[in-house]
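Residues per chain are reported as follows:
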Amino acid sequence: MEFDFAAVLVDWRLLARGVAWTVGLTAIATLIGMAVGVACAWARASGPAWLRWLVGSYAELIRNTPFIVQLFFIFFGLPAAGVKLTPETASIIAMVLNLGAYATEIIRAGIEATPKGQIEAAVSLALNKVQVFTRVILPPALKKVWPAMVSQIIIVMLGSAVCGQISTEELSYAANLIQSRNFRAFEAFIVATLVYLALAVGLRRLLNWAGPRFFFGR
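Being a predicted model, the structure only gives us computed values, none of them experimental.

Parameters at a glance
- Residues numbered from 1 in each chain as written.
- Predicted model: local features only at pLDDT ≥ 70, side-chain atom pairs only at ≥ 80, totals over all residues.
- Heavy atoms only, no water.
- Helix = DSSP H or I, 4+ residues; strand = E, 2+ residues; numbered from the N terminus.
- Buried < 20%, exposed > 50% of the residue type's maximum accessible area, 1.4 Å probe, protein only.
- Contact = heavy atoms within 4.5 Å.
- Areas by Shrake-Rupley, 256 points an atom, 1.4 Å probe, with all protein chains shown as cover.
- Core = buried A, V, L, I, M, F, W, Y, C linked by side-chain atoms within 4.5 Å.
- Polar contact = N/O pair within 3.5 Å; in protein donor to acceptor, adjacent residues only side chain to side chain.
- Axes fitted to C-alpha atoms, helices over the stretch in contact; angles between N-to-C directions.
- Parallel < 35°, antiparallel > 145°, perpendicular 65-115°, else oblique.
- Left-handed = near helix turned anticlockwise from the far one by under 90°.
- Nonpolar A, V, L, I, M, F, W, Y, C, P; charged D, E, K, R; others polar.
- Phe/Tyr/Trp six-rings, centres within 6.5 Å; stacked < 30°, edge-to-face > 60°.

A. Quick look at the overall build of the protein chain. When helices and strands are tallied, the protein chain shows 9 helices and 0 strands. Along its sequence from the N terminus, the protein chain presents helices and strands in the succession α-α-α-α-α-α-α-α-α. Its C-alpha atoms put the protein chain at 70 × 45 × 25 Å along the principal axes. Evaluated residue by residue, the protein chain yields a buried proportion of 41% over its 218 residues. Long-range pairs, those at least 24 residues apart, make up 77% of the contacts in the protein chain with a sequence separation of at least 6. Approximately 11800 Å² of the protein chain is accessible, and the part contributed by carbon and sulfur atoms is 68%.

B. Local environment of the nonpolar core. With 50 residues, the main nonpolar core has Met95, Ile107, Ile111, Trp146 and Met149 as its most contacted residues. Every element with two or more residues in this core is listed here: helix H2 (12-46), helix H4 (67-77), helix H5 (87-112), helix H7 (129-159), helix H8 (171-182) and helix H9 (185-215). It is H7 that contributes the most residues to this core, 15 residues altogether. Setting aside anything within four residues of it in sequence, one finds Trp146 in contact with Met34, Leu207, Asn208, Gly211, Phe215 and Phe216. Judged by nonpolar contacts, the second largest core, of 7 residues, contains Cys40, Ala43, Leu51 and Val55.

C. Representation of unusual backbone geometry in the model. Backbone geometry at Ser167 places phi at a positive 75°, although glycine is not the residue there. For Ser167, the location among the structural elements is in the loop between H7 and H8. Positive phi is not limited to glycine here, since Phe183 has a value of about 60°. Looking at where Phe183 falls in the secondary structure, it is placed in the loop between H8 and H9. Its relative accessible area of 69% is what places Phe183 among the exposed residues.

D. Region of the structure containing the side chain of Thr22. Topologically, Thr22 is positioned in helix H2. The class of Thr22 is buried, set by a relative accessible area of 1%. One polar contact links the side chain of Thr22 to the main-chain amide nitrogen of Leu171, over a distance of 3.1 Å. Not counting chain neighbours up to four residues away, the residues in contact with Thr22 comprise Met157, Ser160, Glu170, Leu171, Tyr196 and Leu199.

E. Spotlight on the packing of H2 against H7. At their nearest, the axes of H2 and H7 sit 11 Å apart, and the two run at 140° to each other. Classified by the interaxial angle, the pair formed by H2 and H7 is oblique. Note on packing geometry: the crossing formed by H2 with H7 is right-handed. Between H2, through Thr22, Thr26, Thr30, Met34, Val38 and Trp42, and H7, the contact on the second element is made entirely by Phe133, Leu138, Leu142, Trp146, Met149, Ile153 and Met157. Of the residues assigned to the contact of H2 with H7, the class counts are 10 nonpolar, 3 polar and no charged.

F. Region of interest: the packing of aromatic side chains. Counted according to the given criterion, the structure contains 4 aromatic pairs. Here Phe3 and Phe186 contribute two aromatic rings whose centre-to-centre distance is 5.0 Å and whose plane-to-plane angle is 20°, an arrangement assigned as stacked. Placement of Phe3 in the segment before helix H1 (6-9) and of Phe186 in helix H9 is noted, with a sequence separation of 183 residues between them. Their ring planes at 80° and their centres at 5.3 Å tell us that Phe72 and Phe76 sit as a pair that is edge-to-face. Note that Phe72 and Phe76 are positioned in helix H4 at a spacing of 4 residues, about one turn of the helix.

As C-alpha cells, this is what we get:
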C-alpha cells in the first residue's frame with residue numbers, strides 16, 4: 001500500500017477552514033459554557049430549593065445522555081416545534097449545554113470545598129453576597145478544579161467532531177469531504193488525528209497559562 005499525503009494536503013484550505021470552525025466553536029462554547037457553569041454552580045450551592053432542583057435536573061440530563069443525541073435533538077427535533085436552526089447555531093447550543101452541565105458539577109465541587117471560616121470572615125467585613133461569591137468563593141474554587149475544567153473543555157473540543165454529522169464545517173467534516181473526493185481515507189484521517197492532537201495540546205497549554213492570569217489569580 002502506498003501512502004499519498006500530498007493528495008490530502010493539497011486541500012489545505014479546506015482543512016484550515018475546518019480548523020478555524022473547530023477553534024471558533026470551542027472558543028464560543030468555552031466562554032458561554034463556563035458562564036453557565038458558574039451561574040448553575042452558584043444555584044446548586046446557594047439557590048432556593050426549586051432552583052437547585054431545576055439546575056440539578058439539567059445537569060443530570062445532559063451528563064447522562066450522549067452528546068450526539070443532544071445535538072440531533074436540537075438540530076432535527078426542535079424544528080418539529082417550529083424552531084429551525086443552522087448547523088453552526090445548533091452545534092454551539094449543544095456544546096454550550098454540554099459543557100455547562102459538566103462545568104456546573106466541577107465548579108460546585110470547588111465551591112463546596114471553600115472553608116466556611118473564609119466565608120464568615122468575608123461576611124464580617126460587610127461584603128454583600130455577590131462580592132463574597134465573586135471575590136472570596138469563586139477564585140479559590142476555580143483554582144482547585146481548574147485541571148478538571150481544562151480536561152472537560154478539551155473533551156468538548158474533541159466532541160465537536162460529531163458536529164460534522166449535521167454539516168457543520170469543522171475539521172472532521174473537512175477530512176471526510178476530502179477523502180470522499182480522493183478516496184484517501186487513511187491519509188485524510190491521519191492528518192485530522194494529528195491536527196486534533198495538536199489542538200488539544202495547544203488548548204491545554206493555553207488554558208493552563210490563562211487560568212492563573214484571568215480566572216483565579218496567581
